[in-house]
Amino acid sequence: MRTEKDRKLARRRRRKRKLRYLRQRLAQTTDPAERERLIEKIRRVSPAAPVPEE
């Protein structure tokens, strides 16, 4: 049985993994519309996370 601590840890790891994935896609894309969509997703996943603006 999973405890609350385990669930919190899993949520945090999932969020970090998703942020890494989205930042990687953001670095590879050049399409402005796609960049905006990715930035919105990053902000939705973690509002306090810094978003690289180029």
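Criteria and thresholds
- Residues numbered from 1 in each chain as written.
- Predicted model: local features only at pLDDT ≥ 70, side-chain atom pairs only at ≥ 80, totals over all residues.
- Heavy atoms only, no water.
- Core = buried A, V, L, I, M, F, W, Y, C linked by side-chain atoms within 4.5 Å.
- Buried < 20%, exposed > 50% of the residue type's maximum accessible area, 1.4 Å probe, protein only.
- Helix = DSSP H or I, 4+ residues; strand = E, 2+ residues; numbered from the N terminus.
- Contact = heavy atoms within 4.5 Å.
- Expected span 1.5 Å × (residues − 1).
- Arc of directions from axis to C-beta.
- Salt bridge = Lys/Arg side-chain N within 4 Å of Asp/Glu carboxyl O.

### Some remarks on the nonpolar core
Grouped together as the largest cluster of nonpolar side chains are eight residues: Leu19, Leu22, Leu26, Leu38, Ile39, Ile42, Ala49 and Val51. Elements supplying a minimum of two residues to this core: helix 1 (4-28) and helix 2 (32-45). Ignoring sequence-local partners within four residues, the contact set of Leu26 consists of Arg35, Leu38, Ile39, Ile42 and Pro52.

### Side note on helix 1
Within an α-helix, residues lying three or four positions from one another point in the same direction, as the helix has 3.6 residues per turn. Taking 1.5 Å per residue, 25 residues should reach 36 Å; helix 1 reaches 36 Å between its end C-alpha atoms and fits that length. When helix 1 is considered as a whole, its buried residues turn out to be Ala10, Leu19, Leu22 and Leu26. On its buried side, helix 1 packs onto helix 2.

### Observations regarding the environment of Tyr21
Tracing the backbone shows Tyr21 in helix 1. Residue Tyr21 is classed as partly exposed on the basis of its relative accessible area, which comes to 45%.

### A word on helix 2
A rise of 1.5 Å per residue sets the reference length of helix 2, with its 14 residues, at 20 Å; its end C-alpha atoms lie 20 Å apart and thus fit the reference within 8%. Those residues of helix 2 that fall on the buried side of the exposure criterion are Glu34, Arg35, Leu38, Ile39 and Ile42. Buried residues of helix 2, viewed axially, fall in a sector of 135°; they line one side. Where helix 2 is buried, its residues touch helix 1.

### Considerations on the pattern of salt bridges
For the coordinates displayed, the defined rule picks out four salt bridges. For the salt bridge of Arg11 with Glu4, the shortest nitrogen-to-oxygen distance reads 3.6 Å. Taking the relative accessible area as the measure of exposure, Arg11 reaches 39% and is therefore partly exposed. Assessed through its relative accessible area of 39%, Glu4 is described here as partly exposed.

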